[in-house]
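Breakdown of the fold
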Amino acid sequence: MTSANSPADKTRAGPPHQKPPRAWQRMLSGRRLDLLDPSPLDIEIEDIAHGLARVARWNGQTIGAHTFSVAQHTLLVEAILREGMPRADHRLRLATLLHDAPEYVVGDMISPFKTVIGGSYKAVERRLLGAIHVRFGLPAALPADLTVPIKAADTAAAYLEATRLAGFSETEARRFFGRPPRLSADMEADFLTPWSTTRAEKRFLARFRSVCAA
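Residues numbered from 1 in each chain as written. Predicted model: local features only at pLDDT ≥ 70, side-chain atom pairs only at ≥ 80, totals over all residues. Heavy atoms only, no water.

**Considerations on the overall build of the protein chain**
When its secondary structure is counted, the protein chain shows eleven helices and two strands. Listed N to C, the secondary structure of the protein chain is α-β-β-α-α-α-α-α-α-α-α-α-α in terms of helices and strands. Classification of the 214 residues of the protein chain by burial places 43% in the buried group. Partitioning the contacts of the protein chain with sequence separation of at least 6, the portion at a separation of at least 24 is 64%. Total accessible area on the protein chain stands at roughly 12,100 Å², and carbon and sulfur atoms take up 55% of it. (Helix = DSSP H or I, 4+ residues; strand = E, 2+ residues; numbered from the N terminus. Buried < 20%, exposed > 50% of the residue type's maximum accessible area, 1.4 Å probe, protein only. Contact = heavy atoms within 4.5 Å. Areas by Shrake-Rupley, 256 points an atom, 1.4 Å probe, with all protein chains shown as cover.)

**Let's talk about the confidence of the model for the protein chain**
Here the protein chain shows a mean pLDDT of 89. Residues at 70 or above account for 86%. By mean pLDDT, helix H1 (residues 7-13) is the weakest element of the protein chain at 46, and helix H2 (residues 45-52) is the strongest at 98. Counting contacts from residues 6-12, a segment whose pLDDT is below 50, to residues more than four positions away or on other chains yields five contacts. (pLDDT = per-residue confidence, 0-100.)

**A word on the pattern of salt bridges**
Inspection of the entire model under this criterion finds 13 salt bridges. Measuring nitrogen to oxygen at the nearest pair gives 2.9 Å for the salt bridge that ties Glu44 to Arg31. Of this pair, Glu44 sits in the loop between strand E2 (32-34) and H2 while Arg31 sits in the loop between strand E1 (24-26) and E2, placing them 13 residues apart in sequence. Assessed through its relative accessible area of 16%, Glu44 is described here as buried. Measuring nitrogen to oxygen at the nearest pair gives 3.5 Å for the salt bridge that ties Glu44 to Arg135. Of this pair, Glu44 sits in the loop between E2 and H2 while Arg135 sits in helix H7 (residues 119-135), and the two are 91 residues apart along the sequence. (Salt bridge = Lys/Arg side-chain N within 4 Å of Asp/Glu carboxyl O.)

**Observations regarding the packing of helix H4 (residues 90-97) against helix H8 (residues 144-164)**
Between H4 and H8, the shortest axis-to-axis distance is 10 Å and the interhelical angle comes to 55°. With respect to H8, the axis of H4 lies oblique. Crossing geometry of H4 relative to H8 is assigned as right-handed. Every residue of H8 that contacts H4 at Arg91, Leu92, Ala95 and Thr96 is listed here: Asp145, Leu146, Pro149 and Ile150. (Axes fitted to C-alpha atoms, helices over the stretch in contact; angles between N-to-C directions. Parallel < 35°, antiparallel > 145°, perpendicular 65-115°, else oblique. Left-handed = near helix turned anticlockwise from the far one by under 90°.)

**Digging into the side chain of His73**
Looking at the element boundaries, His73 is found in helix H3 (residues 70-84). Among residues more than four places away in sequence, those in contact with His73 are Arg57, Phe68, His99, Asp100, Asp154, Ala157 and Glu161.

**With respect to unusual backbone geometry**
Non-glycine residue Trp58 carries a positive phi angle of around 55°. Inspection of the secondary structure assignment puts Trp58 in the loop between H2 and H3. In this structure Trp58 comes out as buried when scored by relative accessible area, which is 17%. At Asn59, a position not held by glycine, the phi torsion is positive, near 60°. Its place among the elements puts Asn59 in the loop between H2 and H3.

**Points about H2**
Counting buried positions along H2 yields six of eight residues, so the element is predominantly enclosed. Of all the residues in H2, the buried ones are Ile45, Asp47, Ile48, Ala49, Gly51 and Leu52.

**Quick look at the nonpolar core**
Counting 57 residues, the largest nonpolar core has Ile48, Leu98, Tyr104 and Phe136 as its most contacted members. Ranked by the residues each element gives to this core, the list is headed by H8, at nine residues. In this structure, Ile48 is in contact with Ile43, Ala101, Tyr104, Ile132, Phe136 and Phe204, ignoring residues within four places of it in sequence. (Core = buried A, V, L, I, M, F, W, Y, C linked by side-chain atoms within 4.5 Å.)

Shown next, in the form of structure tokens:
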């Protein structure tokens, strides 16, 4: 008869308990951000700026010597919002700068792939964005008076990026993104010429600090 602690029983019991897979990321600031339960205390704007400056919009399928980054896109969106709403308060401008901030952790997944994988990605993104909002003094879930103008400016920026950088025709872009925004030639030349990662990171941080100081 085999005892309860015999090798045979251990074999039948299967492999020893395995640790759950890691669900956090170490940031350059030293923070450890848990993707399942992100804490606002583990979020630093320097980590966000560094990450977004290195994440490519349009899956990298853009023209230019540099990647068109999410950091640069965010600044374009905020510039479009300011042009259309010159009296926008600092909360709206700050929320605009942070609207894609979760992508410093999860990357910029293109819309067609989000459609393929369903809601799991959006749940993670929503938790991260809520923690980011709280960290910088915004409500975790933004009210409609903030989300609606941000979405409009984001869609307008996508039109410009699509036609100037990503190879879309004007007709195709209108079908997906609506009417183009009105920006000066100087603003278009600046915000739609892809920047280096260093420049994108510095400009994102500078604009963030300017908005917070307003």
